[in-house]
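# Chain and residue survey
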Amino acid sequence: MTQGEQRSPARRTVLGAAGAAVLGASTVLPAGTARAAEGGRHRPGFRSLPVPTVIAHRGASGYRPEHTLGSYQLALDMGAHVIEQDLVPTKDGHLVCRHENDITGTTDVADHPEFASRRTTKSVDGVSLTGWFTEDFTLAELKTLRAKERIPGTRQENTLYDGRWQIPTFEEVLRWAEQEGRRRGREIWLHVETKHPTYFRSLGLGLEERLATLLRRYGRHRADSPVFLQSFEPSSMQRMAKLVNSPRVVLLWTADDRPWDFVQAGDPRTVADLVTPEGLRWIASYAQGIGPVLDLVIPRDASGRLGDPTTLVRDAHAEGLILHPYTHRNENSFLPADFRRGTDPAAYGDSFGVLKTYLATGIDGIFSDNPDTALLAAKDFRTG
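Given the structure is predicted, the values throughout are model-derived calculations rather than measurements. (Residues numbered from 1 in each chain as written. Predicted model: local features only at pLDDT ≥ 70, side-chain atom pairs only at ≥ 80, totals over all residues. Heavy atoms only, no water.)

### Considerations on the overall build of the chain
- Scanning the chain from terminus to terminus reveals 14 helices and 11 strands.
- Per-residue burial for the chain yields a buried fraction of 56% across its 384 residues.
- Partitioning the contacts of the chain with sequence separation of at least 6, the portion at a separation of at least 24 is 69%.
- Element-wise, carbon and sulfur atoms account for 52% of the exposed surface of the chain, whose accessible area totals about 15,700 Å². (Helix = DSSP H or I, 4+ residues; strand = E, 2+ residues; numbered from the N terminus. Buried < 20%, exposed > 50% of the residue type's maximum accessible area, 1.4 Å probe, protein only. Contact = heavy atoms within 4.5 Å. Areas by Shrake-Rupley, 256 points an atom, 1.4 Å probe, with all protein chains shown as cover.)

### Structural notes on the pattern of salt bridges
- Within the structure shown, the criterion is met by 25 salt bridges.
- Across the pair Glu209 and Arg201 runs a salt bridge, and its minimum N-O distance is 2.9 Å.
- The class for Glu209 is partly exposed, based on a relative accessible area of 32%.
- Arg201 gets classed as partly exposed once you look at its relative accessible area, which sits at 31%.
- Ionic pairing is found between Arg269 and Asp267, a salt bridge with its closest N-O pair at 2.8 Å.
- Given a relative accessible area of 25%, Arg269 falls into the partly exposed group. (Salt bridge = Lys/Arg side-chain N within 4 Å of Asp/Glu carboxyl O.)

### Section: helix α10 (residues 277-284)
- All buried positions along α10 are accounted for by Gly279, Leu280 and Ile283. Down the axis of α10, the buried set is contained in an arc of 100 degrees. They therefore lie on one face.
- Residues of α10 that are buried sit in contact with β8 (248-252), α9 (271-274), β9 (289-292) and α12 (312-318). (Arc of directions from axis to C-beta.)

### Here we look at the environment of Glu157
- Within the secondary structure layout, Glu157 lies in the loop between α3 (139-142) and α4 (170-184).
- For Glu157, a relative accessible area of 21% corresponds to the partly exposed category.
- Expressed as a C-alpha distance, the spacing of Glu157 and Gly62, which sit 95 residues apart in the sequence, is 9.5 Å.

### Topic: the pairing of β8
- Along β8, five of the five residues are buried, which leaves the element largely enclosed by surrounding structure.
- Residues of β8 alternate between two faces, with Arg248, Val250 and Leu252 on one and Val249 and Leu251 on the opposite face, all of them buried.
- Pairing between strand β7 (residues 227-231) and β8: three bridges, direction parallel. Residue Gln230 lies in a different strand from β8, and its bridge partner there is Val249.
- Following the backbone out of β7, through helix α7 (residues 234-243) and into the adjacent parallel β8, one traces a crossover that is right-handed.
- With four bridges connecting them, β8 and β9 associate as parallel partners. Bridge pairing in β9 links Val250 to Ile290. (Pairing = 2+ DSSP bridges. Right-handed = clockwise from strand over helix to strand, strands pointing away.)

### Observations regarding the side chain of Arg155
- Along the chain, Arg155 turns up in the loop between α3 and α4.
- Once residues within four sequence positions are removed from consideration, Arg155 is found in contact with Ser61, Gly62, Glu149, Arg329, Glu331, Phe334, Asp369 and Asn370.

### As for the packing of helix α13 (residues 351-359) against helix α14 (residues 371-383)
- Direction vectors running N to C along α13 and α14 enclose 55 degrees, while the axes themselves pass 9 Å from each other. One finds that α13 runs oblique with respect to α14. Taken as a pair, α13 and α14 cross one another with a handedness that is right-handed. Between α13, through Ser351, Phe352, Leu355 and Leu359, and α14, the contact on the second element is made entirely by Thr373, Ala374, Leu376, Ala377, Ala378 and Phe381.
- Considering only residue class, the contact of α13 with α14 consists of eight nonpolar, two polar and no charged. (Axes fitted to C-alpha atoms, helices over the stretch in contact; angles between N-to-C directions. Parallel < 35°, antiparallel > 145°, perpendicular 65-115°, else oblique. Left-handed = near helix turned anticlockwise from the far one by under 90°. Nonpolar A, V, L, I, M, F, W, Y, C, P; charged D, E, K, R; others polar.)

### A closer look at helix α6 (residues 207-217)
- Of all the residues in α6, the buried ones are Leu207, Glu208, Leu211, Ala212, Leu214 and Leu215. Down the axis of α6, the buried set is contained in an arc of 165 degrees. They therefore lie on one face.
- Trailing α6 by a residue or two, Gly219 shows a phi angle of about 65 degrees, which is positive.

The quantities given are spatial measurements derived from coordinates; they are silent on function.
And the structure:
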């Protein structure tokens, strides 16, 4: 560690997360059979979650390599209300948890000479990328790789855990959630994103049908199931609405962005159009929420400082939509300029101050790489 201050989770959290060590790279979870009865006990659904809801962004990715069972376990042990997964497919059609299909920076694939010839250049959603991609590997091949920290220059402590975990399949995560739910006596909430769905459909690897099959198999396909589905492509959530009744969220990037499915379909609308009352009304016709980038809730000015809140929270709530903005992180490099402390971009800034400002807008939840920090801020907000 190169920073002068201690940046680890609280000791009790670390001790509580010690069980994550057993979920190592070679863990094979037993096939899950627990299901919620079709007409059984009352399940109150997403409106019963605490507000503000803390969603662990890719797990506790501020402390462990993202999208690993170790990251998910730590987030749950910290008390996160919901755990996020991003889904991409393998060559043989399995859904695995990676933020991107480009696994160059999040695995040790470059250290495997047997896969050197798989390095290639592709256009994904109009962006040229060179590296290794999940759709060029079978699941068995991906399981020979190990996960590593995505931003080691910022999160040097996380590199301690490089190589500890495999890439999990979504089915393994569902089994893990069942196992933890039985152990804790409550349902474990997941927030599941379809990544680049139009791109993968063009390859014959459509995500939605595969996801719906798994949701049905594990009893998470109903309106009151403990899961959110999400995508940056509205058509993916429209497709999911025809397959399952699970709650759906449309993710929104910057105002000038056009979702890739819009680009492919010739739809001229941008995110700026979608955050108008008319656009939000259209989203509410097939989804229950939106996940806007935080700058759509409170813009930053030219100097990087927070400005005045927009009307997005009020307008979305008027259409019955919940808001789960993204992403809170503790490090200075990710914070608005007026909440940074010192000159080290990897040091922690005034994270509680910025969270207080965001939560005061009335958002229903927030994605956080540091769920322990966000949970304390949410508690302060509720009792303040």
